[in-house]
Every structure is written in structure tokens, then in C-alpha cells.
Amino acid sequence: MAEIKIPFNKPGMTGREQTYMADALQRGHLSGDGYYTKLCNRRLETELGVSKVMLTTSCTHALEMSALLLDIQPGDEVIVPSFTFVSSINAFVLRGAKPIFADIRPDTLNLDENQLESLITEKTRAIVPVHYAGVGCDMDTIGQIAARHNLAVVEDDAQGLFARYKGKPLGSFGQMATVSFHETKNFICGEGGALLINDPAFFERAEIIREKGTNRGRFFRGQVDKYTWVDVGSSYLPAEVLAAFLYAQLEAREEITAKRKRVFEFYQENLAGWAAANGVRLPVVPEDCEQPYHMFYLLFPSLEERQSFIGHMRSKGIQTSFHYLPLHLSDMGRRWGYREGDCPVTEKLSDCLVRLPFFNELTQDQLEEVAETVQAFSVGLAPRV
Ligand SMILES: *Cc1c(COP(=O)(O)O)cnc(C)c1O
């Protein structure tokens, strides 16, 4: 196997992470909710126009908090696209919910809002739209359907921090939303996330759930004279050094976005002709969506072509990556009786999708090498694997 010359991902740093982390240590407050956590929360609230942001230890944990806040009970149903990361639904399954898998739209690979209403039953409690590649779901339609049936919306915005739908930031539509700062995302701190809360009814309980089920937040603010166990909860606060790392990333929002835009646009401009000639589809970003430049994918006509392409790139030292396997066909999904054919668009596109190397520090030479290597592959002529 060829040595990897161009990896699929490389976590990017802006230069100020170490300074802020050293400062966090100097401040002597090492656990959560110190100086840097507050800076991150406040900055995200301001930039997203979301009333409350709480850093968490991961997007997975923020999703778990949302399931606790919604009081999801055994037997409740939660609608989620089959084409997503396990955490989008596992957080609710942990509370006993039954996953209801929706198929995706062939253009954006987001939850197909046209099928949504047919999945709603009297047991449905919540809809979890996932903004794939950070390209917004049709939040107007999803919001209307949710309102009509009195359902909560939790946006899984792990990939779409700072992206917009109809001019409004993703994460500001649902009752709640979650983001991720995992090292594979646009803004990182290793492992981390945040819960975004738009509905004030959840503020106080969110604070309690995040603080192990105690009213410690109120105690620190002097609102009660001792703190105690008041509700269910867990430990969802990231340590201050991670928040310090993250703050450096958030401060570099423009710089990071510009670097990623350059990568996306290079691929788009240089691969459009090849894609058209080979029956390969490039990402679609609807006009009402401003994207965060999270990833660049190719959709091949078939699984066989996709696999030959991955092999071709690997033989030249370039790492590419397919993405989610349909959740409804996973071992867990099948336990609820899901079968082949239940989400046909997901099943087809999951087989055909491959992602190109995408990170902030991809050099011009590397980009050119990736593009040339892609262009050397012809659909239909590729050696079969
Ligand atoms: C990355 C990701 C997650 C999980 O994020 P963590 O911070 O690693 O828990 C959840 N949902 C989606 C759509 C993701 O891309």
C-alpha cells in the first residue's frame, strides 16, 4: 500500500491555542465554567443570535442533554435521517426512544422534509434535522410541520457552525441545537461541543442537568445559599484548557472560514468539467443556504466506481473517505425491524459518496495534486476491485 502523502484530515491550529491554554493554567481554575468557557459561550451567543450557549464535552453529550431536557421516555418516537452519525439518534435511544428513520433529499443529502409528515404518529416527540456538510435543511418546512404537530426540533448542527439558512444562523431554528468541536470539524478543541438553547423554558434545567443534577449554578450566582441534588443530570462541562483552545479557534473564525472556502472553491472549479464528463455529482448548495465549507464530496454512479476511485487515490498516496452507512441497516437499526428499501435514497447515495482531503492547511501544491489525481480517473474505465 502506498504511503499516505495527503491525509484526509489534519486538525488546524491558529497559533494562539497554546498561549490561551497557558493562560488558563495560570488562572488556576482548571475545571469547567471558568474564564474561557464564559468567553466562548458569550461569543457564540452573540455571533449566532442564540439566547443561551453552554459548552459541553462533545456534541454527543449536548444531544444527550437535549433528550433529558425534552424528557424523552421509553416508547417515544424521534425522527432522524438515516444518513447521519450515530449520536444524532443514540442520545434519544439512551432514554428509551424508538428511532424513526427518514430518508434524505438527493440534492443536499438532508432529511427529506416532504416525507416528514408521513412519519409522524401520536408517539412522535421530536425531529432531529442534521445539516449535512453544514448545508441547512429546509427549516421553514420542518419548523411548520413541527409546530403543527407540537413537536420539538433539535438541530444537529455538528458540521454547520456559522452557516446560515435564509440569512439566519443554523442552530437558531430549533428549540435547541448542538454543535461539535471534535478535531474533524471546522472549529476544534480535540473533543468538545455545545448546546444551543433558543427556548428560554429550558435554560434553568439545562444548567442543572449539565451540573450533575445540582443547582450549583444558582449557588455560584448567590441565588441559593447551598447547593443540592435537584434533578437528574450528568457531567457535561469541558475543562478550562479545552475552552481556552477553543477560544483561539473561535477568534480565528474569518481566517479559518477563508482557508476552507479556498479549498472548496478550488475543488469545485477544477473538478466541474471532469465530473460532468464522468457522470459524477458535486455538492449542491441551495441558494438560500450559506455553507461553512465543511467538506467536499463526490457522488459516483455506483458503489463499484466509488470503491475503484478510493483505491486509485490510495495508490497515489491520497487518503479519501466514504461517509455514513445507513443507520436503519446497522445492527442496531435492524433491531427495530428496518430493512433494505426503507430509505432508498440513503442506501444508494451512501454507497456512492466519497470525501476528498479537506483541511485548513492544504497547500496549493497539494490541492493541485489531488485534482490531477482525480482527473486521471475515468468512470467506466477504472480497473475493477
Ligand atoms: C461529529 C458529529 C457528531 C458528534 O460530535 P462529537 O462532538 O464527536 O460528539 C454528531 N452529529 C454529527 C452530524 C456529526 O458530524
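That block above? That's the structure.
To start, this report covers the structure provided alongside it. (Residues numbered from 1 in each chain as written. Predicted model: local features only at pLDDT ≥ 70, side-chain atom pairs only at ≥ 80, totals over all residues. Heavy atoms only, no water.)

## Some remarks on the side chain of Asn215
Then step 1. The residue Asn215 is located in the loop between α7 (203-210) and α8 (216-220) in this model.
Then step 2. Since its relative accessible area comes to 10%, Asn215 is described here as buried.
Then step 3. A polar side-chain atom of Asn215 sits 2.8 Å from the main-chain amide nitrogen of Thr228.
Then step 4. Those residues within four positions of Asn215 in sequence are excluded, and the remaining contacts are Ile208, Val224, Lys226, Tyr227, Thr228 and Val230. (Helix = DSSP H or I, 4+ residues; strand = E, 2+ residues; numbered from the N terminus. Buried < 20%, exposed > 50% of the residue type's maximum accessible area, 1.4 Å probe, protein only. Polar contact = N/O pair within 3.5 Å; in protein donor to acceptor, adjacent residues only side chain to side chain. Contact = heavy atoms within 4.5 Å.)

## A few points about the environment of Gly12
Then step 1. Take Gly12: it is sitting in the segment before α1 (17-27).
Then step 2. Classification of Gly12 by relative accessible area gives buried; the value is 8%.
Then step 3. Beyond its immediate stretch of four places on either side in the chain, Gly12 contacts Glu17, Ile188, Gln249 and Asn360.

## Points about the side chain of Thr178
Then step 1. Tracing the backbone through its elements, the reader meets Thr178 in strand β8 (residues 176-180).
Then step 2. We classify Thr178 as buried; its relative accessible area is 0%.

## As for the environment of Glu3
Then step 1. Turning to its location among the elements, Glu3 is positioned in the segment before α1.
Then step 2. Its relative accessible area of 67% is what places Glu3 among the exposed residues.
Then step 3. The spatial distance from the C-alpha of Glu3 to the C-alpha of Arg27 is 44 Å, given a sequence separation of 24 residues.

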